[in-house]
Amino acid sequence: SFRIWTAMALEVLGELDRAEEHLQDALETAQKQDERCVVGWCYWLRAEIGRTRGIDGALVEQSLQQAEAIARELSLVALAKRCEEHREPEADAPR
């Protein structure tokens, strides 16, 4: 789980390539060890990095939906809140 927090810090610092490397390692490890909480955070971070990079909205949405599903399943309030915050800028977007 240490790698996900490192990936988050790197994302905040704008080190997206390094963040993605740590994120991928964290996701693979968490999936192998069935650490659902960490998997949820990995999906959320994947969505955040994707949004920052301007990646296809469908791919970002898929990651966000996976994070939200885990947040609901495990009652992870902080993760659910982050997912909700991720969507807030869309409400301000012109239609």
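Our structure's up above, just so we're on the same page.
Small disclaimer: the values here were computed from a predicted structure and weren't measured.

Q: Can you tell me about the side chain of Glu-48, naming the residues and giving the values?
A: As for its placement among the helices and strands, Glu-48 is situated in helix α3 (residues 36–53). Not counting residues within four places of it along the chain, the set of residues in contact with Glu-48 comprises Glu-11 and His-86.

Q: I'd love a proper account of the side chain of His-86, names of residues and values included.
A: Counting through the fold element by element, His-86 comes out in helix α5 (residues 77–92). Among all residues touching His-86, those that are not within four sequence positions of it are Ala-47, Glu-48, Arg-51, Val-60 and Leu-64.

Q: With reference to specific residues and values, describe helix α1 (residues 2–12).
A: Buried residues of α1: Ile-4, Thr-6, Ala-7, Met-8, Leu-10 and Glu-11, and no others. Looking at the buried side of α1, the elements it contacts are α2 (16–32) and α3. Gly-14 sits one or two residues past α1 and shows a positive phi near 85°.

Q: Explain unusual backbone geometry residue by residue, including any values.
A: Although it is not a glycine, Asp-34 adopts a positive phi angle of roughly 55°. With respect to the helices, strands and loops of the structure, Asp-34 is situated in the loop between α2 and α3. Even without a glycine there, the phi angle at Ser-75 is positive, about 55°. Residue placement: Ser-75 occurs in the loop between α4 (57–74) and α5. Ser-75 gets classed as exposed once you look at its relative accessible area, which sits at 58%.

Q: Account for the nonpolar core, with residues named and values stated.
A: Proteins that are soluble and globular tend to have nonpolar side chains buried together. Ile-4, Leu-23, Cys-42, Trp-44, Leu-45 and Leu-79 are the most contacted members of the largest nonpolar core, which has 27 residues in total. Counting residues per element, the ones that place at least two in this core are α1, α2, α3, α4 and α5. The dominant element in this core, judged by the number of residues it contributes, is α3, at nine residues. Aside from chain neighbours lying at most four places away, what touches Leu-45 is Ile-4, Ala-7, Met-8, Glu-11 and Leu-23.

Procedures and definitions
- Residues numbered from 1 in each chain as written.
- Predicted model: local features only at pLDDT ≥ 70, side-chain atom pairs only at ≥ 80, totals over all residues.
- Heavy atoms only, no water.
- Helix = DSSP H or I, 4+ residues; strand = E, 2+ residues; numbered from the N terminus.
- Contact = heavy atoms within 4.5 Å.
- Buried < 20%, exposed > 50% of the residue type's maximum accessible area, 1.4 Å probe, protein only.
- Core = buried A, V, L, I, M, F, W, Y, C linked by side-chain atoms within 4.5 Å.

That is the geometry; function is a separate question.
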